[in-house]
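Coordinate analysis (summary)
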Amino acid sequence: MNVLFIHQNFPGQFLHLSADLAAQKHNRVVALSTSNNPVPKGVIATRYSLLRSPAPETHPMLREEETKVLHAEACAAAALKLKREGFIPDVIVAHPGWGEALFIKDVFPNSKLIMYCEYYYAAEGQDVGFDAEDPPLTFAHRCRIRLKNTTNLLSLEIADAAISPTQWQKSTYPTWAQQKITVIHDGIDLNNLRFNPKAQITLTANVDSSAHSFRPGDEVLTYVARNLEPIRGFRIFMRSLPSILRQRPNAHIIVVGGDEISYGQPPPGGGGWKEHMLAEVGSELDLRRVHFVGKVPYSTYLQLLSVSAVHAYWTSPFVLSWSFLEAALSGVHVVASATPPILEFSADLQVETQPFFETEAFAGSIVAALQEPRRRRPAPRIKRLQLSECLKLQRKLISS
């Protein structure tokens, strides 16, 4: 079987599935992408570049759409080259987020197209408008959010089938689209999450350059996000720290995440949210015990899961992070927000939840968890998240 994966940042969510298919000798697996990321063994990666840059005179509301059309055009050109070279996919698996799949059925009309449905935007009721501290939407902003779904809608219209990783993410789509969507998670490799009793993390303090080494059993609270932003509860997290540090004088906080803007808006006055929140609560913190480590390699992150005593995770109603599931499945005590993406899994994963905006309740739960004797709890085994089960379901959908 010939399989074509399309993802701007391949492998992305297709890491495990592409590796699994490429490991089968009767399959030929090709990926179209703009990135230079390492790819699984056996996958033939084809890079493409935009044929031109977006035009500065484009209408402001259409700039994002023009960028997506440019991706679609360049991806189609690369696909036409594959076709001339004799590669005709039986199945195409694509992420629609950057527009790449818009014209792919015009290149391969007889190929079956499976769309990865990660998120459908809304101007209210989900991430946007969830936090009252966010500036109110302007009319132009609401219009841009509506236009963000253009690619989603056009891609779904040509798709033969679709996948969403969670029930909640599927529920964000229109009812007619949900009829095409099968819920199958990307899969969590539990072998990566085995507790390492010899794990060690050594950090240099942010304020006095002193070195700290942490091992399993130490009083360590962790927080992980791609970037430190309100959509992942960073404001609430920072406001909870003075109380936690005051009540737990031996606790250390390790914060993983960049200082860019992935989602939402920058803080008032610009800059990053880390400095903004340090300006608000930094004077109440012992910064010798709060360690901002930026983005870290995956191997370091896995060490951190073994060292962590308690892991804090917030999310507004938005795409669920792999880090939440991985932390819970590793056996760490997790305290998380009682928001729909979390509540889909919290009972099965034995995750403690608190209302998103209840800073003191969060601090109280974290302090209580840090007070407990630090015995590692058995990692839960949830069939619908296990990599082998997810791959089996994905293969079944592809072969159907």
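The structure presented is a predicted model; accordingly, all values stated were derived computationally and were not measured. All residue numbers here refer to positions counted from 1 along the written sequence of the relevant chain. With the structure being a predicted model, the display of local features is reserved for residues of pLDDT at least 70 and the display and counting of side-chain atom pairs for 80 or more, all residues being used for whole-chain, interface and lining totals. With hydrogens and water set aside, each side-chain value is computed from the structure's full complement of heavy atoms.

Overview of the overall build of the protein chain
Strands are runs of DSSP state E lasting at least 2 residues, helices are runs of H or I lasting at least 4, and numbering of each runs from the N terminus. A tally of helices and strands in the protein chain yields 15 helices and 15 strands. Here the protein chain has a C-alpha radius of gyration of 22 Å; the compact-globule value for 400 residues is 21 Å, and the two agree. In terms of overall dimensions, the protein chain has C-alpha extents of about 65 × 50 × 40 Å along its principal axes. Burial status across the protein chain gives 53% buried among its 400 residues. Here, Shrake-Rupley sampling with a 1.4 Å probe gives the accessible areas, and only protein chains in the shown set may cover a residue. Surface accessibility of the protein chain: about 18000 Å² in total, with carbon and sulfur atoms responsible for 52%. Of note, the protein chain has its 41 positive side-chain charges centred 7 Å away from the centre of its 38 negative side-chain charges. Radius of gyration: over C-alpha atoms. The globule rule applied is 2.2 Å multiplied by the number of residues raised to the 0.38 power. Relative accessibility decides the category of a residue: with a 1.4 Å probe and only protein chains considered, values under 20% of the type maximum give buried, values over 50% give exposed, and everything between is partly exposed. Note on charges: Lys and Arg go in the positive column, Asp and Glu in the negative column, and His and the chain ends are not counted at all. To locate a charge, take NZ of a lysine, CZ of an arginine, CG of an aspartate or CD of a glutamate.

What to know about the pattern of salt bridges
A pair is scored as a salt bridge if a Lys or Arg side-chain nitrogen falls within 4 Å of a carboxyl oxygen belonging to Asp or Glu. Under the criterion given, the structure shown has 17 salt bridges. Two residues, Arg395 and Asp20, come together in a salt bridge whose shortest N-O distance is 2.8 Å. Of this pair, Arg395 sits in helix 15 (residues 387-399) while Asp20 sits in helix 1 (residues 15-22), and the two are 375 residues apart along the sequence. In this structure Asp20 comes out as buried when scored by relative accessible area, which is 19%.

Observations regarding the sheet that holds strand 15 (residues 352-354)
By this definition, two strands are paired if DSSP reports at least two bridges between them. Taken in spatial order, the six strands of this open sheet run 12-11-10-13-14-15, and their pairing is parallel. Of all strands in the sheet, those bounded by a partner on one side alone are strand 12 (290-294) and strand 15. Sheet twist, expressed as the average angle between the axes of neighbouring strands with direction ignored, equals 20°. Sheet topology places strand 14 (residues 333-337) next to strand 15; three bridges connect them, and they run parallel. Residue pairing across strands places Ala336 opposite Thr353, the latter belonging to strand 15. Axis lines are fitted to C-alpha atoms, over the contacting stretch for helices. Their N-to-C directions set the angle, which ranges from 0 to 180 degrees.

Examining empty space enclosed by the protein
Rolled over the atoms, a probe with the dimensions of a water molecule shows which regions are left empty. Each cavity reported here is a set of points on a 1 Å grid over the protein atoms alone in which a 1.4 Å probe fits but cannot get out, each pocket an open set with protein on both sides within 12 Å along at least five of seven lines, and each lining residue one with an atom within 4 Å of a point. Grid points are joined across faces, edges and corners, and a volume is the space filled by probe spheres set on the points. All told, the structure shown has one cavity of 30 Å³ or more when counted by the stated rule. In this structure, the largest cavity encloses a volume near 70 Å³. In terms of lining, the largest cavity is formed by Gln13, Phe14, Leu17, Val93, Ile114, Met115, Tyr116, Ile163, Asp186 and Gln394. Throughout this entry, Asp, Glu, Lys and Arg are counted as charged residues, while Ala, Val, Leu, Ile, Met, Phe, Trp, Tyr, Cys and Pro are counted as nonpolar. The remaining residues, Gly among them, count as polar. Tallied by class, the residues present in the lining of the largest cavity amount to seven nonpolar, two polar and one charged.

Brief notes about helix 9 (residues 273-281)
Of all the residues in helix 9, the buried ones are Trp273, Met277, Leu278 and Val281. The arc that holds every buried residue of helix 9, seen down its axis, measures 135°, which confines them to one face. Elements in contact with the buried residues of helix 9: helix 8 (234-247) and strand 12. Note that the arc is computed from the directions linking the helix axis to the C-beta atoms. Throughout, a residue-residue contact means that at least one pair of heavy atoms, one from each residue, lies within 4.5 Å.

Some remarks on the side chain of Ser240
As for its position among the elements, Ser240 is in helix 8. Ser240 gets classed as buried once you look at its relative accessible area, which sits at 0%. Those residues in contact with Ser240 that sit more than four places away from it in its chain are Trp314, Thr359 and Ala363.

A look at the packing of aromatic side chains
To describe a pair of aromatic rings, one takes the distance between the centres and the angle between the planes. Within 6.5 Å between ring centres, the rings of Phe, Tyr and Trp (the latter by its six-membered ring) count as paired, and their orientation is classed by plane angle as stacked under 30 degrees, edge-to-face over 60, tilted in between. Under the counting rule described, the total for this entry stands at 17 aromatic pairs. On the basis of an interplanar angle of 70° and a centroid distance of 5.9 Å, the ring pair of Phe237 and Trp314 is categorised as edge-to-face. With a gap of 77 residues between them, Phe237 in helix 8 and Trp314 in the loop between strand 13 (310-313) and helix 11 (322-330) connect regions that are remote in the sequence. For Phe237, a relative accessible area of 0% corresponds to the buried category. By relative accessible area, Trp314 is classed as buried at 0%. Ring geometry for Tyr263 against Phe318: centres 4.7 Å apart, planes inclined by 65°, an arrangement best described as edge-to-face. Residue Tyr263 is found in the loop between strand 11 (252-258) and helix 9, and its partner Phe318 is found in the loop between strand 13 and helix 11; the two are separated by 55 residues along the sequence. You can call Phe318 buried: its relative accessible area is 3%. Of the aromatic side chains, those joined through ring pairs into one cluster are Tyr119, Tyr121, Trp168, Tyr263 and Phe318. Any Lys NZ or Arg CZ that is within 6 Å of a ring centre and within 35 degrees of that ring's normal is treated as a charge sitting over the ring. In this arrangement the basic side chain of Lys148 is found over the ring face of Tyr121, its NZ or CZ atom lying 4.7 Å from the centre.

Considerations on the environment of Ala123
Residue placement: Ala123 occurs in the loop between strand 5 (112-116) and helix 4 (139-148). Considering only alpha carbons, one finds Ala123 and Pro242, 119 residues apart in sequence, at a separation of 34 Å. Not counting chain neighbours up to four residues away, the residues in contact with Ala123 comprise Val128, Leu137, Arg142 and Ile145.

A short note on the nonpolar core
Residues grouped as a nonpolar core are buried Ala, Val, Leu, Ile, Met, Phe, Trp, Tyr and Cys residues, joined through side-chain atoms within 4.5 Å. If you look at the biggest cluster of nonpolar residues, it comprises 33 residues, and the most contacted ones within it are Leu221, Phe234, Phe237, Met238 and Leu241. For this core, the secondary-structure elements that each account for two or more residues are strand 10 (220-227), helix 8, strand 11, helix 9, strand 12, strand 13 and helix 14 (359-371). Among the elements that line this core, the one with the most residues is helix 8, at seven residues. Dropping the residues within four chain positions of it, Met238 is found in contact with Met277, Leu278, Val281, Leu285 and Phe292.

A closer look at the packing of helix 1 against helix 15
Interhelical geometry of helix 1 versus helix 15 gives an angle of 70° and a closest axis separation of 10 Å. The angle between helix 1 and helix 15 places the two elements in the roughly perpendicular class. Of the two possible hands of crossing, helix 1 and helix 15 adopt the one that is right-handed. In contact with His16, Leu17, Asp20 and Leu21 of helix 1, helix 15 contributes Leu387, Leu391, Gln394, Arg395 and Ile398. With respect to orientation, any angle under 35 degrees is reported as roughly parallel, any angle over 145 as roughly antiparallel, any angle of 65 to 115 as roughly perpendicular, and every other angle as oblique. Put simply, a crossing is left-handed when the front helix is turned counterclockwise from the back one by less than a right angle, and right-handed when it is turned clockwise.

Take it as geometry only, folks, not as evidence of what the structure does.
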